[in-house]
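# Secondary and tertiary structure notes
Listed below, chain by chain, are the residues.
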Amino acid sequence: MRWQGRRESSNVEDRRGVSGGQVAVGGGIIGVIVLVLNFLLGGDSSQLPQQVPGGNRQLTSEEKAADDEMSKFVKVVLAETEDVWNTLFEKMGKDYPEPTLVLFSGSTQSGCGFASAASGPFYCPGDQKVYIDLSFYQMLKERFQAPGDFAMAYVIAHEVGHHIQNYLGISDKVHQMRQQLSDEEYNKYSVRLELQADFLAGVWAHHEQRLKNILEEGDIEEALNAANAIGDDNLQKQSQGYVVPESFTHGTSAQRMYWFKKGYETGDINQGDTFNARDLH
Ligand SMILES: [Zn+2]
């Protein structure tokens, strides 16, 4: 993606280097556990760590440069999603409510609870913010074998897709069903919600290319490769060695690739009704 020198979004809250546990004693949940352990082991509570362990270690200058580069990239991608969605919403006669993106390192508080790097990037409908720990990029590259800037752009566009679903009332409808359905039934809706976010990421990529022409050879493959790598079946195989389809909440690798591609090829928001699609592919 030719992103250097482009506009960076101002809708970014940079919390990197800020301890996530400011609210509770020292280090949030972990701080509380440490406190409990300290008491159990007869320790002195005044010796508590003031930060979440490992959450905010000092970066080397090399790491800091890479981190700054990545944060610039994330801000540019967010700005690009704003441009595209503002244009598409305008065509629908609507105002696009631009979401805020929170960059954090280690851990932070979100409107949806305590967030850590292990949570992975997510969108919180409660405060309408996208949360990203930049170390996820490294994880995509190394753990998921999905390198490339556009892999990360896809992840951001997917979270922005959740924001759009939230605004359109789709997420609410799905979440309301939680009480009425068994976990297994609910997961099926959750999968459709996730696949639609992938579709919306594809719609963004389509218009991004049409309006800005900044995609490079291989970018779409990077996004598809990431969609493939973070499919539920793939993740489960990696973590437990077998696949349990009833517990899927995001869709299989093939389904995630299919919906991203459909969005990318059509660019038509009306083609993304994953809820009424007979075959998710
Ligand atoms: Zn998602």
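Preceding this paragraph is the structure being described.
Residues numbered from 1 in each chain as written. Predicted model: local features only at pLDDT ≥ 70, side-chain atom pairs only at ≥ 80, totals over all residues. Heavy atoms only, no water.

## Notes on the sheet that holds strand S6 (residues 129-133)
Spatial ordering of the open sheet is given by S1-S2-S6-S5, a layout of four strands whose pairing is mixed. Edge positions in the sheet fall to strand S1 (12-14) and strand S5 (122-124), since each of these pairs with one other strand and no more. Within this sheet the neighbouring strands show an average axis-to-axis angle of 25°, counted without direction. Relative to strand S2 (residues 100-104), helix H2 (residues 61-91) is tilted by about 170°, and along the sheet it contacts S1 and S2. Against the sheet, helix H4 (residues 149-167) engages S2, S5 and S6, with an angle of about 20° to S5. (Pairing = 2+ DSSP bridges. Helix = DSSP H or I, 4+ residues; strand = E, 2+ residues; numbered from the N terminus. Axes fitted to C-alpha atoms, helices over the stretch in contact; angles between N-to-C directions. Contact = heavy atoms within 4.5 Å.)

## Section: the side chain of Gln-255
As for its placement among the helices and strands, Gln-255 is situated in helix H9 (residues 253-266). Setting aside chain neighbours within four positions, we find Gln-255 in contact with Val-191, Leu-195, Leu-280 and His-281.

## A short note on the nonpolar core
Core analysis: the biggest nonpolar cluster contains 57 residues, and Trp-85, Leu-101, Leu-140, Phe-150, Met-152, Tyr-154 and Trp-204 have the highest contact counts within it. Those elements that provide at least two residues to this core are H2, S2, S6, helix H3 (135-142), H4, helix H6 (183-212), helix H7 (219-229) and H9. Sequence-distant contacts of Met-152, defined by excluding residues within four places in its chain, comprise Met-70, Phe-73, Val-74, Ile-132, Phe-136, Tyr-137 and Leu-140. Judged by nonpolar contacts, the second largest core, of six residues, contains Ala-115, Phe-122, Cys-124 and Tyr-131. (Core = buried A, V, L, I, M, F, W, Y, C linked by side-chain atoms within 4.5 Å. Buried < 20%, exposed > 50% of the residue type's maximum accessible area, 1.4 Å probe, protein only.)

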